[in-house]
Amino acid sequence: MKEVSNKDNLHVLHEDNHIIVVNKRVGDLVQGDKTGDKPLSEVVKVYLKEKYNKPGEVFLGVVHRLDRPTTGIVVFAKTTKALTRLNEMFSKRETQKTYWAVVKNKPENDTSTLIHYLKRNEKNNTSKAHLKEIPESKKASLEYKIIKKLDNYFVLEINLLTGRHHQIRAQMAAIGCPIKGDLKYGFERSNLDGGIHLHARKLVFIHPVSKEALEIIAPTPKDAIWKSI
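Predicted model only: the values in this text are computed from it and were never measured. (Residues numbered from 1 in each chain as written. Predicted model: local features only at pLDDT ≥ 70, side-chain atom pairs only at ≥ 80, totals over all residues. Heavy atoms only, no water.)

Engineer: What is the right way to read helix H3 (residues 167–174) from this model?
Structural biologist: What sets the pattern is the α-helix's 3.6 residues per turn: residues three or four places apart point alike. Taking burial as the measure, the 8 residues of H3 include 6 buried ones, the bulk of the element. Considered for burial, the residues of H3 that qualify are Gln167, Ile168, Arg169, Ala170, Gln171 and Met172. Looking one or two places after H3, you find Gly176, whose phi comes out positive at around 80°. (Buried < 20%, exposed > 50% of the residue type's maximum accessible area, 1.4 Å probe, protein only. Helix = DSSP H or I, 4+ residues; strand = E, 2+ residues; numbered from the N terminus.)

Quick look at the structure:
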């Protein structure tokens, strides 16, 4: 389906009878939280209600989330059948998630697999990566490769092999390569828009109802660094 945008700057990457996939912007909250800010899920509901002139409440299921300062692909379910099947697919890691990240420091290896044990700190909403398993930690693994050298930064392509809280942010920080703008994980200064240069670039999965193979690619934000890639 052709990409569309609406008055709320909702960038729809794919839509059919059962799912809708959008390109999240910096600062968008995927699902409501204690801040009380309007979440992306509500923006999508309004979009669907207006587009199809739906009476009453619109059903929309949140399948997965992205951190607020992160951009890129978010999938929502438009039907309960799709939601149930997508929840199962995501929990079983039957999807292929590819991210792009911009870091200042060059990783020791141009390509590598990182394995850590992440322990979440609920008080400050962070996760710390450890080389060995410790109590209450969860194994986290990813693959990365350098795909471009910029004047002052390196662009990494990352394939997530597990899905842990702040996994990419914590693991990259653990090898001395915090993501640009990510003050929480050791980058020296913030980005002007409050975001970080971590983008959910590609998602490959089987459609929960039609069983069609889907590959969704999200354009990067329109800033100078992303444009130079």
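So that's the structure; there's more coming.
Engineer: Hey, could you run me through the pairing of strand S7 (residues 111–121) in this one?
Structural biologist: Two faces belong to every sheet, and in a regular strand the side chains alternate between them. As defined by bridge partners, S7 adjoins strand S9 (residues 138–149) across 8 bridges and the pair is classed as antiparallel. The residue of S9 that forms the bridge with His116 is Ala140. The turn linking S7 back onto strand S8 (residues 126–130) is made up of 4 residues, and Asn125 within it adopts a positive phi angle of 55°. (Pairing = 2+ DSSP bridges.)

Engineer: Whenever I open this one, helix H2 (residues 80–91) confuses me. Can you help?
Structural biologist: Counted at 1.5 Å a residue, the expected span for H2 with its 12 residues is 16 Å, and the 16 Å between its end C-alpha atoms agrees. Listing the buried residues of H2 in full gives Ala82, Leu83, Leu86, Met89 and Phe90. In an axial view of H2, the angular spread of the buried residues amounts to 130°, which keeps them on one side of the axis. In H2, the exposed residues that point more than 90 degrees away from the buried face are Thr80, Thr84 and Ser91. Looking at the buried side of H2, the elements it contacts are strand S3 (19–24), strand S4 (61–62), strand S5 (71–77), strand S6 (96–103) and strand S11 (198–206). Looking at the residues trailing H2, positive phi occurs at Arg93, about 60°. (Expected span 1.5 Å × (residues − 1). Arc of directions from axis to C-beta. Contact = heavy atoms within 4.5 Å.)

Engineer: Any chance you could explain the pattern of salt bridges here in plain terms?
Structural biologist: Side chains that differ in charge, positive against negative, can pair when their charged atoms come close. Tallied over the full model, the rule gives 13 salt bridges. Here Arg120 makes a salt bridge to Glu122, at a shortest N to O gap of 3.9 Å. Assessed through its relative accessible area of 60%, Glu122 is described here as exposed. Put simply, Glu15, Lys51 and Lys78 are held in one network by salt bridges that share partners. (Salt bridge = Lys/Arg side-chain N within 4 Å of Asp/Glu carboxyl O.)

Engineer: Where do I start with unusual backbone geometry in this structure?
Structural biologist: In most cases, non-glycine residues show a negative phi, while peptide bonds are predominantly trans. For Glu136, which is not glycine, the phi dihedral falls at a positive 70°. Position of Glu136 relative to the elements: it lies in the loop between S8 and S9. Phi at Lys211 is positive, roughly 70°, even though this residue is not glycine. Take Lys211: it is sitting in the loop between S11 and strand S12 (213–217).

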